[in-house]
Amino acid sequence: MLLLTSSKQTVSELALCLLSAAGYVLAARNAPGQPKQAAKVNAFELVGNSIGSGQQVFLGTEDKVYIIDKTENNPTQINGHPAWAAEWSASSKQTRPMDVTTNSFCAGGNVLGNGTWLNVGGNQAVTYGGRAAASQLGGAPYNDFDGGQSMLNPCDGGVCDWFSVAPMTTRRWYPTLETLQDGSIIIIGGCTYGGYVSDAAQTNPTYEFFPSRGQPILSPILQTTLPTNLFPLIWLLPSGKLFVQSGWKTVLLDMGQNKETPLQDMPDAVRVYPASAGNAMLPLTPENNYTASIMFCGGSNIRTEQWAENWDIPHWPASASPLNYVQLDALPEGRTMGNLILLPDGRVLCLNGAKTATKRWSLYGFSSTTIPRMYHSTATLLPDGSVLVAGSNPNSDVNTTALYPTEYRMERFYPSYYNQRRPEPQGLPNQLSYGGSYFNVSLTLADLFAKVIVMRTGFSTHTMNMGMRSVQLQSSFTGNSDGSAILHAVMPPGPALLFVVVNGVPSVGIQVMCGSGKIEKQLMMPVQNLPSSNIVSQQAGQKQISERPNDSLPVLLIRIALR
């Protein structure tokens, strides 16, 4: 396992980090309440059928998760063809089919600044067994089209569906997407017709933007890292530059000047597809001065000349290495295709990963799933703090009798905090502006010493959650003599879930959209200073605050302070 740490950033620089979908109105919310108790924590529970195998998964609303499959012969039908997408309800555990008509096999995705989700690239139109179809414009048996671009506006009414938009300038299989500070998306890398690795005849070593800014731009790092330049690992940094990792190489991309600055080579192992190391940007917090640190776990230590299509790449021994490349604790054993999921309490959950404990990794008290989650598995955090796990399908078409079959069963993993009493903040906002004054949120006294966490859950596919990140807000508090209190916090931007975390136990998250709700340069309003933390002194004869009953309601003031 490796950890890459950037130089320290200021809070004002952090404003560039998460900008995306949002709106301006501050609307108070009722307390999110307590989730239904799980039968067992640190354990998995079956929660439904995904209709299509969950090769791509993302949380679209507080209740709805969206699932995308490749074109294959799934049993559920819609509009005369197998369903290759679905919507799952976290509250009802029911799934409805959705009508995707293009082949989104190994596509990428992320969310635009207006809240619309974009699914980009994929495979050509196919017939049974994944073989190329006679026509790329539809026809028997699947009537699918060449993968391009599809979009979705998530909804809770059961009526939204995917719609197609104009294709990209070039074909891309295995592209990576990242939302930028104006709410647009960069689309980088890929190849023309797929395969485990790329080659000179079909590589697409370029990047472009949505909405389009013109013709694709050549990327030197993608040109020089053949054949392992598919699904490059990218993150928007607080500086506004893009971290790009491909093959053994790493650069910082200045998108304004289209200039790449080389960084230290990746040690120990290849991390990109198909080595498929688990990866995540660790939480940005006041304690680490909002320093961007990126963790890579696993991968494959294979020499460049060994990456070829004519041998069994997925069975090559995986790496256990952890990168500043700062060496951290190694994973207990080699891992590839492991998902790293950020939890609201600051921990990182590794799915399909460790089997025994190490210094910073623990499986104490964990129960194992009975479902092997292999190639094409996914996972995403849910608002109640549980994690939805789906997918696993290393087959060219539906195969339910293979050693590792096409998997439709979905599970929910319940972390150790799940059954504990949750904080119940009242008056949390639906939408946030940038800058301006703070707003009031009520809390019980027991929840005064809280952390406020903003999280993007990302677009999950191929061990990546594109766009996933977690930010702890700066905060102070005021405790009043009547048992009430005030907590003040700085809000970085981003379409996200908002949690209040007390002693490692998160509230149920609510969905918050930041910014104008448009793809544009965001308006930054003047910032009101945070009050200092203090406890108001008690009058003679009054009880101390710490002795007051838990049903007294403090007030949480969250300041939106983005420059």
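Before reading on, note that the structure itself is shown above.
Below, the structure is looked at part by part.

Parameters and conventions
Residues numbered from 1 in each chain as written. Predicted model: local features only at pLDDT ≥ 70, side-chain atom pairs only at ≥ 80, totals over all residues. Heavy atoms only, no water. Buried < 20%, exposed > 50% of the residue type's maximum accessible area, 1.4 Å probe, protein only. Helix = DSSP H or I, 4+ residues; strand = E, 2+ residues; numbered from the N terminus. Pairing = 2+ DSSP bridges. Polar contact = N/O pair within 3.5 Å; in protein donor to acceptor, adjacent residues only side chain to side chain. Contact = heavy atoms within 4.5 Å. Disulfide = S-S within 2.5 Å.

## Regarding the pairing of strand β10 (residues 108–111)
Within a regular strand, the side chains alternate between the two sheet faces. What you see with β10 is no split at all: G108 and N110 on one side and G109 and V111 on the other are buried throughout. Two elements, β10 and strand β11 (residues 117–120), share 4 bridges in a ladder whose sense is antiparallel. Bridge assignment links V111 to a residue of β11, and that residue is W117. In this structure, the hairpin formed by β10 and β11 is closed by a connection of 5 residues, where G115 is found at a positive phi of approximately 90°.

## Topic: the environment of L180
Tracing the sequence through the fold places L180 in the loop between β14 (176–179) and β15 (185–188). The spatial distance from the C-alpha of L180 to the C-alpha of L242 is 9.1 Å, given a sequence separation of 62 residues.

## Remarks on the side chain of E208
Looking at where E208 falls in the secondary structure, it is placed in strand β16 (residues 206–210). At a separation of 3.2 Å, a polar atom in the side chain of E208 contacts the side chain of T169. Only 3.0 Å separates the side chain of E208 from the side chain of R172, close enough to count as a polar contact. Apart from residues no more than four positions distant in its own chain, E208 is found in contact with M168, T169, T170, R172, I185, I186, I187 and P216.

## So, the state of the cysteines
Each disulfide consists of a covalent bond between the sulfur atoms of two cysteine residues. Under the criterion given, the structure shown has 1 disulfide. For C155, the disulfide goes to C160, at an S-S distance of 2.2 Å. Residues C155 and C160 are joined by a disulfide whose S-S torsion is about -85°; by sign, that bridge is left-handed. With relative accessibility at 15%, the residue C155 sits in the buried group. By relative accessible area, C160 is classed as buried at 9%. C191 takes part in no disulfide bond, and the closest cysteine sulfur, belonging to C106, lies 9.0 Å away.

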